[in-house]
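Fold and geometry: a report
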Amino acid sequence: MPSEIKTRPGLLKRLFWLMRLFGIILFVVILLKVDLKDVAKQLSLTDGWLLAAGLSFQLIVLAAKGIRWHLMNAGKNEWIYWKQSLGRFYESYAIGVVTPARMGELLKAGHEKGSGSIFTSVIRVVAERGLDIGVFVILSGLSVLSGAYLKWPVIYSSMIIFSGLAFLIISMLLLASSKFNVLVNKLVHLLPGKMKTLHFAHKSFSGSTSALIITLSLLSNISYFISCYFLALSTGLEAGFIWTSGAVAVSGLLNMLPVTIMGVGTRELTFLYIFSSYPQSIVLSFSFLVVLIAQIGGGLISLAAGQLFLHSNTRKKS
């Protein structure tokens, strides 16, 4: 039995490695089946103004998410607390962009000390990500309803939309309802072993703060999809906002699985399937811009901002 437990982590590690390898192989296979000259030619025709608009909305995404994280945690108006929470957020965001399953999110909890504080931070990460995932899932369902790429009963699309609403509602309750958080702690105390000793310290937000957090969540997610829509338009992919956003949402949800880094392979396959009625060169050009602007670009800006805030804060304390 003990040896079986020891080998399990190694088995999971190999499994995740094989899944990432599968994504890379998938990406290579897709590239081999596509005329890269056509993709390069399509990229050369990209509209610069629409590209700049896409980048601008990515900056709004980063600003809104950083402010939201500060309000959910430190919430104090002194600049030193702003720098600390923003630095931690942008550092974890940058690492989350280039790791499978958004593992960088764990850094937010890693900055805390003590099991109780870490658990509380984990719950807040779940609430924060739940707000984002809820919007992604809802748009995925709406995309299936408006698109013609999946021939299934409307009830399935409706179930997807309702599950997205469930994510949003649970996340909002974690943020705003003290009674719901008491229930969460009661459920945690039913767990076996040391888990039952963990306690989530609920932070009560005023009605205005809760509304601002939710508003920032909607702003950041809508801005992200608007950004991707402008990137699609810049390559000539005119599939409509809901259809494009749904495709981005589906690929984003797949990127949360420990399959590939930055969704390499899975995103291209998703886009090629959903936009099968469009030329492959246009679809892959769009996919390339999503990686370049929304992921690598956002990650580099976040990394620079995170280190700047953290370094400035450390220097101030010393």
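So, here is what we can say about the structure in this document. Computed from a predicted structure; not experimentally measured.

When you go through the protein residue by residue, the secondary structure sums to 12 helices and zero strands. Surface summary for the protein: the accessible area is close to 16,500 Å², and the carbon and sulfur share equals 72%.

As a further point, take helix 8 (residues 178–188). All of the buried residues along helix 8 are Asn 181, Val 184, Asn 185 and Val 188. Mapping the buried residues of helix 8 onto a view down its axis gives an arc of 95°, with all of them on the same face. The outward face of helix 8, more than 90 degrees from its buried face, is lined by the exposed residues Lys 179 and Lys 186.

Membership of the largest hydrophobic core comes to 43 residues, with the highest contact counts inside it found for Tyr 224, Phe 225, Val 248, Phe 271, Phe 275 and Phe 286. In terms of residue count, the dominant contributor to this core is helix 12 (residues 280–317) (eight residues). In this structure, Leu 62, Leu 86, Phe 89 and Ala 305 belong to the second largest nonpolar core, which totals 10 residues.

Let us now look at the packing of aromatic side chains. In this description, an aromatic ring pair is defined by two values, namely the gap between the centres and the angle between the planes. Overall, the coordinates contain 14 aromatic pairs when judged by the stated rule. For the ring pair Phe 136 and Tyr 224, a centre distance of 6.0 Å and an interplane angle of 25° mean the geometry is stacked. Placement of Phe 136 in helix 6 (residues 115–146) and of Tyr 224 in helix 9 (residues 207–235) is noted, with a sequence separation of 88 residues between them. Here the aromatic cluster, defined as three or more aromatic residues joined through ring pairs, consists of Trp 243, Phe 271, Phe 275, Tyr 278 and Phe 286.

Glancing now at the packing of helix 3 (residues 48–72) against helix 9. It is at 8 Å that the axes of helix 3 and helix 9 come closest, and there the two elements cross at 160°. If you check the angle between helix 3 and helix 9, you find them roughly antiparallel. Taken as a pair, helix 3 and helix 9 cross one another with a handedness that is left-handed. Partitioned by chemical class, the residues of the contact of helix 3 with helix 9 number 19 nonpolar, seven polar and two charged.

Let's shift gears to the pattern of salt bridges. Under the counting rule described, the total for this entry stands at three salt bridges. Between Arg 68 and Asp 132 there is a salt bridge, and its shortest N-O distance comes to 3.1 Å. Of this pair, Arg 68 sits in helix 3 while Asp 132 sits in helix 6, placing them 64 residues apart in sequence. Relative accessible area serves as the criterion here: at 1%, Arg 68 is assigned to the buried category. Taking relative accessible area as the criterion, Asp 132 reaches 2% and is therefore assigned buried. One network of salt bridges, with partners in common, ties together Lys 65, Arg 68 and Asp 132.

So, about helix 3. In this model helix 3 runs 37 Å from its N-terminal to its C-terminal C-alpha over 25 residues, within 8% of the 36 Å that 1.5 Å per residue would give. The N-terminus of helix 3 is capped by Asp 47, whose side-chain oxygen sits 2.9 Å from the backbone nitrogen of Trp 49.

Turning our attention to the side chain of Thr 235. As for its placement among the helices and strands, Thr 235 is situated in helix 9. On the basis of relative accessible area, Thr 235 is assigned to the buried category, the value being 2%. Not counting the four nearest positions on each side in its chain, Thr 235 is found in contact with Gln 42, Thr 46, Ile 282, Ser 285, Phe 286 and Leu 289.

On the surface, a cluster of nonpolar side chains totalling about 380 Å² of accessible area is made up of Leu 142, Leu 145, Val 154, Phe 241 and Ile 242. The set of elements that each furnish at least two residues to the nonpolar patch consists of helix 6 and helix 10 (241–255). Judged by its relative accessible area of 33%, Leu 142 falls in the partly exposed class.

Glancing now at the packing of helix 7 (residues 154–176) against helix 8. At a closest axis distance of 6 Å, the pairing of helix 7 and helix 8 adopts a crossing angle of 100°. The angle between the axes of helix 7 and helix 8 places the two elements in the roughly perpendicular class. Of helix 8, the residues touching helix 7 (which contributes Ile 170, Leu 173, Leu 174 and Ala 176) are Ser 178, Phe 180, Asn 181 and Val 184. Its residues assigned to classes, the contact of helix 7 with helix 8 shows six nonpolar, two polar and no charged.

Structurally, the position occupied by Gly 54 is in helix 3. The sequence separation of Gly 54 and Ser 227 amounts to 173 residues, and the corresponding C-alpha distance is 4.0 Å. Residues contacting Gly 54, with those up to four places away along its chain left out, are Ser 227, Phe 230 and Leu 231.

This part is about the environment of Phe 286. Here Phe 286 is to be found in helix 12. In this structure the C-alpha to C-alpha distance between Phe 286 and Thr 235, which are 51 residues apart in sequence, comes to 6.1 Å. Not counting the four nearest positions on each side in its chain, Phe 286 is found in contact with Cys 228, Leu 231, Ala 232, Thr 235, Leu 237, Thr 244, Val 248, Phe 271 and Phe 275.

Note on placement: Thr 270 falls in helix 11 (residues 266–274). Apart from the residues lying within four places of it in its own chain, the contact partners of Thr 270 are Ala 247, Val 250, Ser 251 and Leu 254.

Reading the values: rules and limits
Residues numbered from 1 in each chain as written. Predicted model: local features only at pLDDT ≥ 70, side-chain atom pairs only at ≥ 80, totals over all residues. Heavy atoms only, no water. Helix = DSSP H or I, 4+ residues; strand = E, 2+ residues; numbered from the N terminus. Areas by Shrake-Rupley, 256 points an atom, 1.4 Å probe, with all protein chains shown as cover. Buried < 20%, exposed > 50% of the residue type's maximum accessible area, 1.4 Å probe, protein only. Arc of directions from axis to C-beta. Core = buried A, V, L, I, M, F, W, Y, C linked by side-chain atoms within 4.5 Å. Phe/Tyr/Trp six-rings, centres within 6.5 Å; stacked < 30°, edge-to-face > 60°. Axes fitted to C-alpha atoms, helices over the stretch in contact; angles between N-to-C directions. Parallel < 35°, antiparallel > 145°, perpendicular 65-115°, else oblique. Left-handed = near helix turned anticlockwise from the far one by under 90°. Nonpolar A, V, L, I, M, F, W, Y, C, P; charged D, E, K, R; others polar. Salt bridge = Lys/Arg side-chain N within 4 Å of Asp/Glu carboxyl O. Expected span 1.5 Å × (residues − 1). Polar contact = N/O pair within 3.5 Å; in protein donor to acceptor, adjacent residues only side chain to side chain. Contact = heavy atoms within 4.5 Å. Patch = residues over 30% accessible without salt bridge, like charges linked within 9 Å, V, L, I, M, F, W, Y side chains within 5 Å.

The values reported here are purely geometric and, on their own, carry no functional implication.
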